[in-house]
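Understanding the architecture of this molecule
Here is how the chains run, residue by residue.
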Amino acid sequence: MTEVIARARQKGKLTGKQTTAIDITEGDPFYGKRETEELKKQIIGTKEKNLEVAYQYATVQVVGQDMPFVLDAIPVTKGMKRDKIVKDLLEHATDMVDIDLVLMDREFDNDAVKGVCEIYGVHYLNPSAMFRDEKLTAQQLAEDDISVHLKTTAASGWRPPRRRLWVPRANVNSDELLPDRGENVDLDSAAEDDSAAESPTEEQGVREELGEEFLDILGDRADEETIDWAIGSKFLETKEESSDKESYAVEDDGIQHVVFETNHPDLTVSDGDVEKTETAVMHKIARFTRQYANRWGIENGYKKTKTFMAETTSKDQRYRFFNFIFACLLYSLWRLVDMLVKHSLDDERAQPRVRASTFLTIAKKEYGLDPPE
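Residues numbered from 1 in each chain as written. Predicted model: local features only at pLDDT ≥ 70, side-chain atom pairs only at ≥ 80, totals over all residues. Heavy atoms only, no water.

Notes on the packing of helix α3 (residues 82-96) against helix α4 (residues 111-119)
What describes two packed helices is the angle between their axes and the distance between those same axes. Taken N-terminus to C-terminus, the directions of α3 and α4 make an angle of 20°; their axes are 8 Å apart at the nearest point. Between α3 and α4, the angle falls in the class roughly parallel. Helix-helix and strand crossings are classified by hand; for α3 and α4 the assignment is right-handed. Seen from α3, the contacting residues are Arg82, Asp83, Val86, Lys87 and Leu90; seen from α4, they are Ala112, Val113, Val116 and Cys117. Grouping the constituent residues of the contact of α3 with α4 by class yields six nonpolar, no polar and three charged. (Axes fitted to C-alpha atoms, helices over the stretch in contact; angles between N-to-C directions. Helix = DSSP H or I, 4+ residues; strand = E, 2+ residues; numbered from the N terminus. Parallel < 35°, antiparallel > 145°, perpendicular 65-115°, else oblique. Left-handed = near helix turned anticlockwise from the far one by under 90°. Contact = heavy atoms within 4.5 Å. Nonpolar A, V, L, I, M, F, W, Y, C, P; charged D, E, K, R; others polar.)

Structural notes on the pattern of salt bridges
Across all of its chains, the model carries 16 salt bridges by this definition. A salt bridge links Asp23 to Arg295; the shortest N-O distance between them is 3.0 Å. In this pair, Asp23 sits in strand β1 (residues 18-26) while Arg295 sits in the loop between α8 (278-289) and α9 (296-306), placing the two residues 272 residues apart along the sequence. Pair check on accessibility: Asp23 and Arg295 agree, each one buried. (Salt bridge = Lys/Arg side-chain N within 4 Å of Asp/Glu carboxyl O. Buried < 20%, exposed > 50% of the residue type's maximum accessible area, 1.4 Å probe, protein only.)

A look at α4
Residues Val113, Lys114, Gly115, Val116, Cys117 and Glu118 constitute the buried set of α4. Capping of α4 at its N-terminal end is provided by Asn110; its side-chain oxygen lies 3.0 Å from the backbone amide nitrogen of Ala112. Two residues or fewer past α4, Gly121 is found with a positive phi of approximately 70°. (Polar contact = N/O pair within 3.5 Å; in protein donor to acceptor, adjacent residues only side chain to side chain.)

Notes on unusual backbone geometry
The phi angle at Leu14 is positive, at roughly 60°, despite the residue not being glycine. As for its position among the elements, Leu14 is in the loop between α1 (2-9) and β1. Of the residues examined, Leu14 reaches a relative accessible area of 0% and is grouped as buried. Positive phi, close to 55°, is recorded for Asp346, a residue that is not glycine. With respect to the helices and strands, the residue Asp346 is situated in the loop between α10 (317-344) and α11 (356-367).

What to know about the packing of aromatic side chains
Scanning all chains against the criterion turns up seven aromatic pairs. Ring geometry for Tyr57 versus Phe324: centroids 4.5 Å apart, planes at 20°, classification stacked. In this pair, Tyr57 sits in strand β4 (residues 56-63) while Phe324 sits in helix α10, placing the two residues 267 residues apart along the sequence. Aromatic pair Phe260 and Tyr292: ring centres 5.3 Å apart, planes at 70°, arrangement edge-to-face. (Phe/Tyr/Trp six-rings, centres within 6.5 Å; stacked < 30°, edge-to-face > 60°.)

Side note on the pairing of strand β7 (residues 123-128)
Along β7, six of the six residues are buried, which leaves the element largely enclosed by surrounding structure. The pairing of strand β6 (residues 99-103) with β7 spans three bridges and is classified as parallel. Of the residues in β7, the one forming a bridge with Leu101 is His123. Note that the unit made of β6, α4 and β7 has a crossover that is right-handed. The pairing of β7 with strand β12 (residues 257-262) spans four bridges and is classified as antiparallel. (Pairing = 2+ DSSP bridges. Right-handed = clockwise from strand over helix to strand, strands pointing away.)

Laid out in structure tokens, this is it:
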């Protein structure tokens, strides 16, 4: 991967601060008995409610607008602490690229993980669980008609300040991106109909605009849970919700906010004119939180990486991990080749120019080995 990075940097990629994501994925599931204590620790049940089992792997990947690729991967065993996973991944990844921000889901929401990030000098952004205090704060924000809220915990020693962000709940499925279950409605016209008696204030206009922005943060993601929204006088009101693995929803108790945590300095709002208006703070927090949408780069990377994996009936953990990490390498090489082709053609499109199947066909032709006799 260091060679891949060096080649990419010759074309101006991966040179600045990078946004990365850390997550855990399952390898190809199979049916098998956990006959030894070692296998009982290594083989973990799948999310499906059947007898399938699978090995699991954690990766750290570059996501966002630069060149997406896998920096490192490790096998995950039963009971493995999340802070150890993050430590093992950041140990090498921080030597390879300059990491500014690590995006993680709620599974990694604990102080030990945050401490590891701080030790390695990287910033984090992740959604946080909403307990009693967080819900009470959210309910108070709704009563006071406040859209966003920032709470800072003072730095201790060399650690940077930690910040908690209450932002509008916006987590939708692609076919239910708009408030009316997905039909393409003119929101401006709808706003005019709702306010026939009086014109909306500037603040109300900003809130509706931000509502659309937050809806876009996690929109067009088929694996995300489905939640319907309505934009009204209280900004965003939840009408119906269901949960999934990574759920930002809470019980239907009127909560209109979700909590994120970060230690990034970009959210310093205590200086200058930033605090003069709620609108300025809303925009600042909206711009920053929108970065969390990049975390889906790792999910998309998993889907594509697994198409590079060779089929096998082996249950050997060592071989299956090699199979996975070799697929990660092929995926990253494909991304590199695609970037080089687009660079040579002055093609700035976001979508790949080189098909993954084309890359594999050429790689097999040029470098593949003949089958044994």
